[in-house]
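Remarks on the overall topology
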Amino acid sequence: MLRGLTRAGLGNLENDKEFISLAASYGFQSVDLDAKGLIDAYGLEASKKLLLQQNIVIGSTNLPVEWRQTDKEFQQGITHLPAAAQAAAELGCTSCCTYILPSTDFKSASFMSVVVKRLRICAEILGAYGIRLGLEFVGPVHLRTAWKNPFIWTLDETLELIDAIGAPNVGILLDSYHWYTTGLTNADIEKLTVNQIVHVHINDAHDIPVDELKDNDRLYPGEGVIDLAGFLRSVRQTGYNGAVAQEVLTPEQPTATPEELVQRSKVGFDRVFREL
């Protein structure tokens with residue numbers, strides 16, 4: 001598996017070039033970023049050269065479509081997806097991910113129908129460029145009641161959604177924080193097949209009751225109570241060998257420098273990976 005980073009938890013990075021360079025300097029092998037944004041900033045050939053020189057791959061890019069709100073917003077967003085998918089493909093990225101909030105102001109049943117249709121359209125566009133769509137269920141209890149009606153928040157429900165979408169390139173974005181906050185076990189991961197996992201996030205949790213954990217108050221890998229080595233051993237057992245990207249959401253922007261935060265991330269990854 002590839003050690004990876006997202007921008008979350010790395011402070012005030014100046015640009016993608018700094019992000020990629022810092023990741024490489026501390027032994028990371030992948031970054032999650034906007035492939036089209038990278039090409040727009042530096043050009044296609046320069047972006048390819050930058051990644052190649054730093055021996056970095058793009059682990060995943062975010063879905064640039066607002067599919068959770070109105071039809072107008074969805075239609076506006078979907079027009080940008082082919083260009084984003086083409087950019088990702090040109091830079092060798094085969095994963096595009098989005099998250100599912102566990103509650104909604106829309107009526108749950110009707111919203112489910114809309115979501116299936118919208119995500120199927122996204123998957124079909126991405127599939128034309130050889131890109132998979134990863135869906136991330138979100139676990140923290142406080143978000144399950146943040147909006148009027150309950151929605152998808154478990155692994156099983158997400159797998160049911162994927163089945164309803166019916167596109168072969170749709171799978172799970174498996175996040176250690178959401179795995180932990182929904183009470184899943186290693187056995188739940190080991191039931192998955194390698195084809196069902198599109199991407200993986202890693203982060204840690206405070207030593208407080210699970211129901212009190214907040215989505216935007218996570219810890220760096222190895223600094224909390226989640227059995228991350230066990231989590232990754234189970235992921236590896238499925239046959240997954242792609243990127244494992246750190247995603248540390250925090251209540252406020254970290255005050256340390258990006259280099260200090262990447263170094264801190266490396267220490268955490270080293271601690272976890274030594275136990276594999």
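Described below are features of the structure shown in this document. Just so we're clear, the structure is a prediction, and the values are computed from it rather than from any experiment. (Residues numbered from 1 in each chain as written. Predicted model: local features only at pLDDT ≥ 70, side-chain atom pairs only at ≥ 80, totals over all residues. Heavy atoms only, no water.)

Take the overall build of the protein next. Along its length, the protein carries twelve helices and ten strands. Computed over C-alpha atoms, the radius of gyration of the protein comes to 18 Å, within 12% of the 19 Å expected from 2.2 N^0.38 for 276 residues, which places it in the range of a compact globule. Considering the protein as a whole, with its 276 residues, one finds that 50% of them fall into the buried category. At a minimum sequence separation of 6, the contacts of the protein that also span at least 24 residues come to 82%. As displayed, the protein has an accessible area near 12,400 Å², and 49% of this comes from carbon and sulfur atoms. Side chains of the protein give 24 positive and 35 negative charges; the mean places of these two sets differ by 3 Å. (Helix = DSSP H or I, 4+ residues; strand = E, 2+ residues; numbered from the N terminus. Rg over C-alpha atoms; globule rule 2.2 N^0.38 Å. Buried < 20%, exposed > 50% of the residue type's maximum accessible area, 1.4 Å probe, protein only. Contact = heavy atoms within 4.5 Å. Areas by Shrake-Rupley, 256 points an atom, 1.4 Å probe, with all protein chains shown as cover. Lys, Arg positive; Asp, Glu negative; His and termini not counted. Charge placed at Lys NZ, Arg CZ, Asp CG, Glu CD.)

Okay, the packing of helix α2 (residues 35-42) against helix α3 (residues 44-53) next. Closest axis-to-axis distance for the α2/α3 pair is 7 Å, and the angle between their directions is 110°. Put simply, α2 runs roughly perpendicular to α3. At the point where α2 passes α3, the crossing takes the right-handed sense. Of the residues in α3, those in contact with Leu38, Ile39 and Tyr42 of α2 are Leu44, Ala46, Ser47, Leu50 and Leu51. Its residues assigned to classes, the contact of α2 with α3 shows seven nonpolar, one polar and no charged. (Axes fitted to C-alpha atoms, helices over the stretch in contact; angles between N-to-C directions. Parallel < 35°, antiparallel > 145°, perpendicular 65-115°, else oblique. Left-handed = near helix turned anticlockwise from the far one by under 90°. Nonpolar A, V, L, I, M, F, W, Y, C, P; charged D, E, K, R; others polar.)

In this section: the side chain of His178. Inspection of the secondary structure puts His178 in helix α9 (residues 176-181). Residue classification places His178 among the buried positions, given a relative accessible area of 2%.

Below, the discussion takes up the pattern of salt bridges. Going through the model one piece at a time under the given rule, you end up with ten salt bridges. Its salt-bridge partner being Glu223, residue Arg264 comes within 2.8 Å of it at the nearest N-O pair. Note that Arg264 is positioned in helix α12 (residues 258-273) and Glu223 in the loop between β9 (197-202) and α11 (228-237), a separation of 41 residues in sequence. The partner of Lys266 in a salt bridge is Asp270, with the nearest N and O atoms 2.6 Å apart. One end of the pair, Lys266, and the other, Asp270, are both in helix α12, four residues apart, so they sit about a helical turn from each other. By relative accessible area, Lys266 is classed as partly exposed at 29%. Here the residues in one salt-bridge network are Asp175, Asp215, Arg218 and Glu247, joined through shared partners. (Salt bridge = Lys/Arg side-chain N within 4 Å of Asp/Glu carboxyl O.)

Evaluation of the coordinates by the stated rule reveals five aromatic pairs. Relative to Phe151, the ring of Phe111 has its centre 4.9 Å away and its plane inclined at 50°; by these criteria the two rings are tilted. Placement of the pair is Phe111 in helix α6 (residues 108-127) and Phe151 in the loop between β7 (149-150) and α8 (155-165), with a sequence separation of 40 residues. The pair formed by Phe111 and Phe151 is uniform in burial state, with each residue classed as buried. Within the aromatic cluster, the residues linked to one another by ring pairs are Phe28, Phe269 and Phe273. The side chain of Arg3 reaches across the aromatic face of Phe273, ending 4.6 Å from its centre. Over the aromatic face of Trp153 sits the side chain of Arg144, whose NZ or CZ is 3.7 Å from the ring centroid. (Phe/Tyr/Trp six-rings, centres within 6.5 Å; stacked < 30°, edge-to-face > 60°. Lys NZ or Arg CZ within 6 Å of the ring centre and 35° of its normal.)

Another aspect to go through is α6. Taking 1.5 Å per residue, 20 residues should reach 28 Å; α6 reaches 27 Å between its end C-alpha atoms and fits that length. Buried within α6 we find Phe111, Val115, Val116, Arg118, Leu119, Cys122, Ala123, Ile125 and Leu126. (Expected span 1.5 Å × (residues − 1).)

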